[in-house]
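Commentary on secondary and tertiary structure
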Amino acid sequence: GLLLMGVDVASIANNHAGNAGVKGLGETIQLLEKNKIEVTGDVTPVYKKVKGVTFGFLGFNDISGGITGIEAAQFERIKSSIEETRKNADVVVVMFHWGAEYRAQPDNRQIELAHFTIDSGADLVASNHPHWVQPVELYNGKVIMYAHGNTIFDQEWSEKTKQGVLGKY
């Protein structure tokens, strides 16, 4: 499905990344890479050049405790990662896995992290976890997408969990 959608970068920074342990996480990364989908969210940025513009992608998890091999959303780490990625990228995209489930509005932590991320030099924040679509914010001239909702998921018990958006940024 990811290949058919044209996905070539994926963040593995999420609260379920460690469900099958370190071995399962490694197998997920290998499968993505075998299919030419580059991986971020594991402490390394991904760089993609498109029409002469270099994009740098970072992923951070802000749900649950530390998961071995997954980048946690810690302020100083976010800032230093953005600064380092900016050295090799024209556009820095940060993807977060954050927020409370089944809420239509971002919580204070999401807003604080998003604003901090833009203030630290990111150009776009594109995130998910709540299972419901949350709003887009224009902050200091940069786009923050708080949550895209569910795109492919088996939560059929409410209308909001059956909805999702794909962003074209």
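Throughout, a residue's number is its position along its own chain's written sequence, starting from 1. It should be noted that, the model being predicted, local features are given only for residues of pLDDT at least 70 and side-chain atom pairs only at 80 or more, the latter also being counted only at that level, while totals for whole chains, interfaces and linings use all residues. Processing note: side-chain calculations cover all non-hydrogen atoms of the structure and skip hydrogens and water entirely.

**Here's the deal with the environment of Lys 160**
- Helical segments are the DSSP runs of H or I of at least four residues, strand segments are the runs of E of at least two, and each set is numbered from the N terminus. By secondary structure assignment, the location of Lys 160 is in the segment after strand E8 (142-148).
- According to the relative accessible area criterion, Lys 160 is partly exposed, its value standing at 40%.
- Sequence spacing of Lys 160 and Glu 101 is 59 residues, and the spatial spacing of their C-alpha atoms is 11 Å.
- Apart from the residues lying within four places of it in its own chain, the contact partners of Lys 160 are Ala 104, His 131 and Trp 132. The buried label goes to any residue with under 20% of its type's maximum accessible area, the exposed label to any with over 50%, and the partly exposed label to all in between, with areas taken from a 1.4 Å probe on protein chains only. Contacts are assigned to residue pairs that have any heavy atoms within 4.5 Å of one another.

**Re the pattern of salt bridges**
- Salt bridge, as used here, is a side-chain nitrogen of Lys or Arg placed within 4 Å of a carboxyl oxygen of Asp or Glu. In the structure shown here, the tally under the stated rule is nine salt bridges.
- For Lys 48, the salt bridge identified is with Asp 8, shortest N-O distance 3.8 Å. You can see Lys 48 sitting in strand E3 (residues 46-50) and its partner Asp 8 sitting in the loop between helix H1 (2-5) and strand E1 (9-11), a full 40 residues away along the chain.
- With relative accessibility at 35%, the residue Asp 8 sits in the partly exposed group.
- Residues Glu 84 and Lys 87 are paired through a salt bridge, measuring 3.1 Å at the closest nitrogen-oxygen approach.
- For Glu 84, a relative accessible area of 45% gives the class partly exposed.

**Here's the deal with a nonpolar patch on the surface**
- Think of a patch as exposed residues, more than 30% relative accessible area, with no salt bridge, where like charges cluster within 9 Å and nonpolar side chains (Val, Leu, Ile, Met, Phe, Trp, Tyr) cluster within 5 Å. Accessible surface is estimated by sampling points in the Shrake-Rupley manner with a 1.4 Å probe; for residues, cover comes only from the protein chains shown. A contiguous nonpolar surface patch, about 440 Å² in accessible area, is contributed by Leu 2, Met 5, Ile 152 and Leu 166.
- Topologically, Leu 2 is positioned in helix H1.
- When its relative accessible area of 38% is taken as the criterion, Leu 2 is described as partly exposed.

**A look at the sheet that holds strand E6 (residues 124-126)**
- Two strands qualify as a pair provided that DSSP identifies no fewer than 2 bridges between them. Pairing within the open sheet is mixed, and its six strands lie in the order E3-E4-E5-E6-E8-E7. Where the open sheet ends on each side, the last strands, each with one partner, are E3 and strand E7 (133-139). Ignoring strand direction, the axes of neighbouring strands in this sheet form an average angle of 20°.
- Sheet topology places strand E4 (residues 53-61) next to strand E5 (residues 91-97); seven bridges connect them, and they run parallel. Across the sheet, residue Gly 59 finds its bridge partner in E5, namely Met 95.
- The angle between two axes is taken between their N-to-C directions and runs from 0 to 180 degrees, where each axis is a line fitted to C-alpha atoms and a helix contributes only its stretch in contact. Along the sheet, helix H3 (residues 75-86) makes contact with E3, E4 and E5, crossing E4 at roughly 165°.

**What about the environment of Gln 155?**
- Assignment of secondary structure puts Gln 155 in the segment after E8.
- Given the relative accessible area of 9%, Gln 155 is considered buried.
- In sequence terms Gln 155 and Ala 100 are 55 residues apart; their C-alpha atoms lie 16 Å from each other.
- When near neighbours in sequence (up to four residues on either side) are disregarded, Gln 155 contacts Tyr 102, His 131, Asn 150, Thr 161 and Lys 162.

**Remarks on the packing of aromatic side chains**
- Ring geometry is summarised as follows: Phe, Tyr and Trp rings, the Trp one being its six-membered ring, pair when their centres sit within 6.5 Å, and such pairs are stacked at plane angles under 30 degrees, edge-to-face over 60 and tilted between the two. Tallied over the entire structure, the rule returns seven aromatic pairs.
- Residues Phe 96 and Trp 98 carry aromatic rings whose centres are separated by 4.6 Å and whose planes lie at 0° to one another, so their mutual orientation is stacked. Neither Phe 96 nor Trp 98 differs from the other in exposure class; each is buried.
- Their ring planes at 25° and their centres at 5.9 Å tell us that Trp 98 and Tyr 146 sit as a pair that is stacked. On the criterion of sequence distance, the pair formed by Trp 98 in the loop between E5 and helix H4 (108-119) and Tyr 146 in strand E8 is long-range, its members being 48 residues apart. In this pair, the class of Trp 98 matches that of Tyr 146, namely buried.

So yeah, pure geometry; function would need other evidence.
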